[in-house]
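Structural characterization, general
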Amino acid sequence: MQAAIRLAINNVKNNQGGPFGAVIVKDGQIIARGVNRVTGTHDPTAHAEVEAIRAACRELGTFALTGCEIYCSCQPCPMCLGAIYWARPARVYYAATKEDAAAIGFDDAFIYREIDLPPAQRKLPSVQLLHNEALEPFRLWQESTHKVEY
């Protein structure tokens, strides 16, 4: 956890991005690190946890972080939490809370509220189009003998 917090501190001190860091550990060794790079990369998905997951998956040559643990300097936001679930680590540890982050302007509460609403009631308009056409790739996936389940 200290490594994740140090990454967050250095990220702010070096003016490289937001105050967030994450490390991924396997068999007691740090295999990947990530810091918030949203503003520097102009990428809203470049959160510390996502950056660390990408690096760990490259390092291990897999999309599943089985047997790994992720240490986050702050409780993961909804996007990062979703990415963590998809990556399937064994455990997640965090230091600061989402309330701590909200107190300095990183408030994700509105996203949690929006997720609970039906798509038509969300602030960001969500309109379904071409539903039947969109089922074709699903049919092809279901029939494929080359798919990799995840």
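Residues numbered from 1 in each chain as written. Predicted model: local features only at pLDDT ≥ 70, side-chain atom pairs only at ≥ 80, totals over all residues. Heavy atoms only, no water.

Tallied over the entire structure, the rule returns four salt bridges. Salt-bridge contacts for Glu143 lead to Arg139; the nearest nitrogen and oxygen are separated by 2.7 Å. With Glu143 and Arg139 both in helix H7 (residues 131-143) and four residues apart, this pair spans about one turn of that helix. One salt-bridge network, in which partners are shared between bridges, spans Glu136, Arg139 and Glu143. (Salt bridge = Lys/Arg side-chain N within 4 Å of Asp/Glu carboxyl O. Helix = DSSP H or I, 4+ residues; strand = E, 2+ residues; numbered from the N terminus.)

For the rest of this paragraph, the subject is a nonpolar patch on the surface. Taken together, the side chains of Phe63, Trp86, Trp141, Val148 and Tyr150 make up a nonpolar region of the molecular surface, amounting to roughly 620 Å² of accessible area. The residue Trp86 is located in helix H4 (residues 78-87) in this model. On the basis of relative accessibility, which here comes to 56%, the residue Trp86 falls in the exposed class. (Patch = residues over 30% accessible without salt bridge, like charges linked within 9 Å, V, L, I, M, F, W, Y side chains within 5 Å. Areas by Shrake-Rupley, 256 points an atom, 1.4 Å probe, with all protein chains shown as cover. Buried < 20%, exposed > 50% of the residue type's maximum accessible area, 1.4 Å probe, protein only.)

Turning to the sheet that holds strand S1 (residues 21-26), a few remarks are in order. Pairing is mixed in the open sheet, where four strands are placed in the order S2-S1-S3-S4. In this open sheet, the two strands that pair with only one neighbour each are strand S2 (29-35) and strand S4 (91-96). Across the sheet, the mean angle separating the axes of adjacent strands is 20 degrees when strand polarity is ignored. As paired elements, S1 and strand S3 (residues 68-74) share five bridges and run antiparallel to each other. Bridge assignment links Ala22 to a residue of S3, and that residue is Cys72. Together, S1, S2 and S3 form the strand contacts of helix H3 (residues 48-60), whose direction differs from that of S2 by roughly 140 degrees. (Pairing = 2+ DSSP bridges. Axes fitted to C-alpha atoms, helices over the stretch in contact; angles between N-to-C directions. Contact = heavy atoms within 4.5 Å.)

One non-glycine residue, Asp27, adopts positive backbone phi at about 55 degrees. Turning to its location among the elements, Asp27 is positioned in the loop between S1 and S2. What makes Asp27 exposed here is its relative accessible area of 69%. The backbone of His42 shows a phi angle near 55 degrees, a positive value even though the residue is not glycine.

Right, let's talk about the environment of Asp107 for a bit. The residue Asp107 is located in the loop between helix H5 (98-103) and helix H6 (109-116) in this model. For Asp107, a relative accessible area of 41% corresponds to the partly exposed category. Along the chain, Asp107 and Asn36 lie 71 residues apart, while their C-alpha atoms are 15 Å from each other. Of note is the side chain of Asp107, whose polar atom sits 3.0 Å from the backbone nitrogen of Ala109. (Polar contact = N/O pair within 3.5 Å; in protein donor to acceptor, adjacent residues only side chain to side chain.)

Let's shift gears to the packing of aromatic side chains. Counted according to the given criterion, the structure contains four aromatic pairs. Judged by centre distance (4.6 Å) and plane angle (15 degrees), the ring pair of Tyr71 and Tyr93 falls under stacked. Within this pair, whereas Tyr71 is found in strand S3, its partner Tyr93 is found in strand S4, the two being separated by 22 residues in sequence. A connected cluster of aromatic rings, assembled from ring pairs, spans Phe63, Trp86 and Tyr150. Sitting over the face of the ring of Tyr112, Lys98 holds its NZ or CZ atom 4.6 Å from the ring centroid. (Phe/Tyr/Trp six-rings, centres within 6.5 Å; stacked < 30°, edge-to-face > 60°. Lys NZ or Arg CZ within 6 Å of the ring centre and 35° of its normal.)

From the geometry alone we can't say anything about function, so treat these as descriptive.
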